[in-house]
Amino acid sequence: MKINNPLSSFFLILFFSILFDLCIANDVMLHNVVNFGAKPNGKIDSSNAFLTAWDLACGSTKPSTIYVPRGNFLVKQVHFRGKCNNSEIIFRIDGTLVAPFDYNVIGNEKNWIFFQGVDGVSIVGGSLDGQGSGLWTCKASEKNCPSGATTLGFSNSNNVAITGLTSLNSQMFHIVINGCKNVKLQDVKVYAPGKSPNTDGIHVQLSSDISILNSIVSTGDDCVSIGPGTSNLWIQNIACGPGHGISIGSLGKDFEEAGVRNVTVRSVIFKDTQNGVRIKTWGRPSTGFVNNVLFQHVTMIDVENPIVIDQNYCPNNKNCPGQVSGVKVSDVTYQDIHGSSATRVAMKFDCSKRNPCRGIKLEDVNITYKNEPAAQASCANVAGTTTGIIQPTSCL
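Definitions and cut-offs
All residue numbers refer to position in the chain's written sequence, counted from 1. Reporting in this predicted model follows two pLDDT cut-offs: at least 70 for local features of residues, and 80 or more for side-chain atom pairs to be given and counted; totals over whole chains, interfaces and linings ignore these cut-offs and use all residues. Water and hydrogen atoms were dropped before computing side-chain values, which therefore reflect all heavy atoms in the structure. The numbering of helices and of strands both runs from the N terminus, where a helix is a DSSP run of H or I of at least 4 residues and a strand a run of E of at least 2. Here the globule rule is a power law, 2.2 Å times the number of residues to the power 0.38, and the radius of gyration is based on C-alpha atoms. To sort residues, take the accessible area from a 1.4 Å probe on protein chains only and compare it with the maximum for the residue type: under 20% means buried, over 50% means exposed, and anything in between is partly exposed. Two residues qualify as a contact provided that any one of their heavy atoms is within 4.5 Å of a heavy atom in the partner residue. Note on areas: Shrake-Rupley, 1.4 Å probe, and residue coverage restricted to the protein chains presented here. Throughout this description, the term salt bridge denotes a Lys or Arg side-chain nitrogen within 4 Å of a carboxyl oxygen of Asp or Glu. By this rule the span expected of a helix is its residue count minus one, scaled by 1.5 Å. By arc we mean the arc of the directions from the helix axis to the C-beta atoms, nothing more. The term polar contact refers here to a pair of N or O atoms within 3.5 Å; inside protein, the definition further demands a hydrogen-donor-capable atom paired with an acceptor-capable atom, and it admits residues adjacent in sequence only when both atoms are side-chain atoms. Two cysteine sulfur atoms form a disulfide, by the criterion used here, when they sit within 2.5 Å.

Chemist: Which parts of the structure should I look at to understand the overall build of the protein?
Modeler: Along its length, the protein carries three helices and 30 strands. Here the C-alpha radius of gyration of the protein, 24 Å, is about what a compact globule of 396 residues would show, namely 21 Å. The dimensions of the protein, computed from C-alpha atoms along their principal axes, are 80 × 50 × 40 Å. Within the protein, the fraction of its 396 residues that count as buried is 49%. Residue pairs in contact within the protein that sit at least 24 positions apart in sequence constitute 76% of those at least 6 positions apart. Total accessible area on the protein is roughly 17800 Å²; 49% of this is exposed by carbon and sulfur atoms.

Now the structure itself:
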């Protein structure tokens, strides 16, 4: 069939596109946010369009896809609630969701984009721009500023997948997983300046069966922070820096607190970070614990504190001076840790006097200081064993 009229060609393409979408829709419901009024110009609030698309997807008994095309979409605080009528909702993002430039608009919200009580939600691709620089400047001036919003939060949710997502310049934490089970983050990129305050990359707490894979985190706080009640966490193939490293803690802020167990951190590169692998607990009574942790195949490049357990954390010397940590730390293995320290003390185990660290294992650890084997180790209230080459010389 020969078509000479360009207009006819346009309508023919449009017809087949609609027909294709309808064919797919027999199995998957498709919801393009533009069809509900979202504008890809970064200027007009598109929040209601996203919520409308969510209501339709969540209310459908069929698997559903919410599609965000290319462009910048201004979105204020949005709360996506379950329980839904199906357990397969995909956010397919080709564009960028942009927070309001005025940090006060969402700065007093705990979360900017928040999923609560959902099951089977996936986020694929796209970028989230928290536009946090204005709030960071406010905080640096010591003015009365809002605390800031987490860019992306999941709470009390199961079977979640986040793949290929980029988070930029969050006001506070970038991604928080709280009270969730079976969550997989893969090929995630997190970027914020090294001096941006409290911009943790990925925070996990009160959650189990979580994996964080093949990701890049450059931020102003912990690349990954692990809070109370975390179990069965697997972290692998992560590039971290700048930032404060990967931290279990801080723990023990509350007396009654769930413990952390079964954590694996594997094949991670730290570059120009404040810490490498860290366990941090408040220096005051607590029922918390850390048990069965493996740090394996880790590279340090000019890291200030490559290996550290600090059980005397007491910011501003408030509510804890003169007390000791009740958090019990045991069965922590450091295996094949190598690279360079930016300070002379490359290993520091500063454990609780009341509950000394037990079962600490060093296996093939080789960390230098200024390219010389002059690094040192520091130990207090810790017991453990060593295997293979250990540099700096072990103080266990």
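Chemist: Where do I start with the pattern of salt bridges in this structure?
Modeler: Pairs may arise between side chains of opposite charge once their charged atoms sit close together. As enumerated under the stated definition, the model contains two salt bridges in all. The salt bridge partner of D94 is R92, with a shortest N-O separation of 2.9 Å. The class of D94 is partly exposed, set by a relative accessible area of 33%. Here R278 makes a salt bridge to D222, at a shortest N to O gap of 3.1 Å. A residue pair is termed long-range when its members are at least 10 positions apart, and R278 in strand 23 (residues 275-282) and D222 in the loop between strand 18 (208-218) and strand 19 (224-226) qualify at 56 residues. You can call D222 buried: its relative accessible area is 3%.

Chemist: Looking at this structure, how should I read helix 2 (residues 47-59)?
Modeler: Each α-helix turn comprises 3.6 residues. Residues three or four places apart therefore point the same way. The end-to-end C-alpha distance of helix 2, which contains 13 residues, comes to 18 Å, matching closely the 18 Å that a straight helix rising 1.5 Å per residue would cover. Within helix 2 the residues assigned to the buried category are S47, A49, F50, A53, W54, A57 and C58. Seen along its axis, helix 2 keeps its buried residues to an arc of 165°; they face one direction. The outward face of helix 2, more than 90 degrees from its buried face, is lined by the exposed residues N48 and D55.

Chemist: Got a minute to help me understand the side chain of N275 in this structure?
Modeler: Within the element layout of this structure, N275 appears in strand 23. Polar side-chain contacts of N275 include one of 3.2 Å to the backbone oxygen of H244. Within the local environment of N275, its side chain forms a polar contact with the side chain of Q274, the two groups lying 3.3 Å apart. Contacts of N275, omitting those with residues within four sequence positions, involve H244, G245, F270, V303, N305 and V308.

Chemist: Just checking my understanding: could you explain the state of the cysteines for this structure?
Modeler: Simply put, disulfide is the name for a covalent bond between the sulfur atoms of two cysteines. In total, this model carries six disulfides according to the counting rule given. Between the sulfur of C58 and that of C84 lies a disulfide, 2.1 Å long from S to S. Its torsion about the S-S bond being -105°, the disulfide of C58 and C84 is classed as left-handed. Remark: C84 occurs in the loop between strand 5 (78-81) and strand 6 (89-93) and C58 occurs in helix 2; sequence separation between them is 26 residues. Residue class for C58 comes out buried when judged on its relative accessible area of 10%. The disulfide that involves C138 links it to C145, with 1.9 Å between the sulfurs. Here C138 and C145 share a disulfide; its torsion about the S-S bond, -95°, makes the bridge left-handed. Among the residues examined, C145 registers a relative accessible area of 19% and is labelled buried. Assigning the bonded cysteines of the protein consecutive numbers by sequence position, one obtains the connectivity 1-2, 3-4, 5-6, 7-8, 9-10, 11-12. Sulfur of C180: no disulfide; nearest cysteine sulfur belongs to C84 and is 14 Å away.

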